Each structure stands twice: as C-alpha cells, then as structure tokens.
Amino acid sequence: MQNDTSQESESRGGPSMARVLLLNDDVTPMEFVVHVLERIFDKDRETATRLMLDTHHQGRGECGIYPAAVAEARLLTRLLWPAVYGSRASSACASEPTNST
C-alpha cells in the first residue's frame, strides 16, 4: 500500500504545469540571454540563439513548459544569476499556468 505524492498527483491528472516565458527588454545583451538559456534552461546554442531572436522580435518567447515547481526553481535561479556570477545584465522571465495537465 503506497501513498506517496507522485501517486496522488497522477490520480489527480498529473502535476500542475507552468509555461516559462522570456520577455524582451531592449537592455539586456543578446549574448547574456543566450548564455542564460543554455545554462538554466538547457538549450543548445542554436536553439538558444533562435529563441533569443524570436523574443527580441516578438516581445516574448517560451523557454519551455515544466512542472510548476521546476518552473519556479528555474525562475529563481534566473533571478539570482547576476548576483552569483557578478553580472549587471538582466533579462525578464515570467511563468504562467498552462491549460494542459
């Protein structure tokens, strides 16, 4: 008889998911955005560059859809990045719930 949280979340239709968005700010260096996408969101160089350019032209881009707890952890890591690595650069990120389960 198991009663763990993963079993409970599966019975409710799975963990809640969140979409992590990258927002264009016209201040952050493009190379910094690419670096963040590679290091925090596990994107390869080509994908990170394409996402950065799409975000630059469209105003926002999607870093990915993750379980809500993972999305929050990645956003927190992103927020702390400049302090930890001594960078003054910033880039805006946000999350929003998804309709999918």
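Okay, so let's go over this structure. All figures in this text were calculated on a predicted structure; none of them were measured in a lab. Numbering of residues begins from 1 in every chain and follows the order in which that chain's sequence is written. It should be noted that, the model being predicted, local features are given only for residues of pLDDT at least 70 and side-chain atom pairs only at 80 or more, the latter also being counted only at that level, while totals for whole chains, interfaces and linings use all residues. Side-chain measures were taken over the full set of non-hydrogen atoms in the model, leaving aside hydrogen atoms and water.

1. A look at the nonpolar core
Move 1: Here, the term nonpolar core denotes a set of buried Ala, Val, Leu, Ile, Met, Phe, Trp, Tyr and Cys residues that are joined through side-chain atoms within 4.5 Å. Here's how the labels work: a residue is buried when its accessible area is under 20% of the maximum for its type, exposed when over 50%, partly exposed in between, all with a 1.4 Å probe on protein chains only. Grouped together as the largest cluster of nonpolar side chains are 17 residues, with contacts concentrated most on V20, L37, F41 and C63.
Move 2: Runs of H or I in DSSP of at least four residues are treated as helices and runs of E of at least two as strands, each being numbered from the N terminus. Secondary structure elements with two or more residues in this core: strand 1 (17-23), helix 2 (30-39), helix 3 (45-58), strand 2 (60-67) and helix 4 (68-85).
Move 3: Whether two residues touch is decided by their heavy atoms; if any such pair falls within 4.5 Å, the residues are in contact. Beyond its immediate sequence surroundings of up to four residues, F41 is in contact with V20, V36, C63, Y66 and R74.

2. Details of the environment of G61
Move 1: Secondary-structure assignment places G61 in strand 2.
Move 2: Overall, G61 belongs to the buried group, its relative accessible area being 10%.
Move 3: Sequence separation between G61 and L22 is 39 residues, and the spatial gap between their C-alpha atoms is 5.1 Å.
Move 4: Dropping the residues within four chain positions of it, G61 is found in contact with V20, L21, L22, L51 and T55.

3. Here's the deal with helix 3
Spacing of three or four residues puts side chains on the same side of an α-helix, whose turn is 3.6 residues.
Move 1: A helix is expected to span 1.5 Å for every residue after the first. With 14 residues, helix 3 extends 20 Å between its outermost C-alpha atoms, agreeing within 8% with the 20 Å of an ideal straight helix rising 1.5 Å per residue.
Move 2: Taken together, the buried positions of helix 3 are A48, L51, M52 and T55. For helix 3, the angular spread of the buried residues around the axis is 100°, confining them to a single face. Helix 3 presents E46, H57 and Q58 as exposed residues on the side facing more than 90 degrees away from its buried surface. Here the arc refers to the directions that run from the helix axis out to each C-beta atom.

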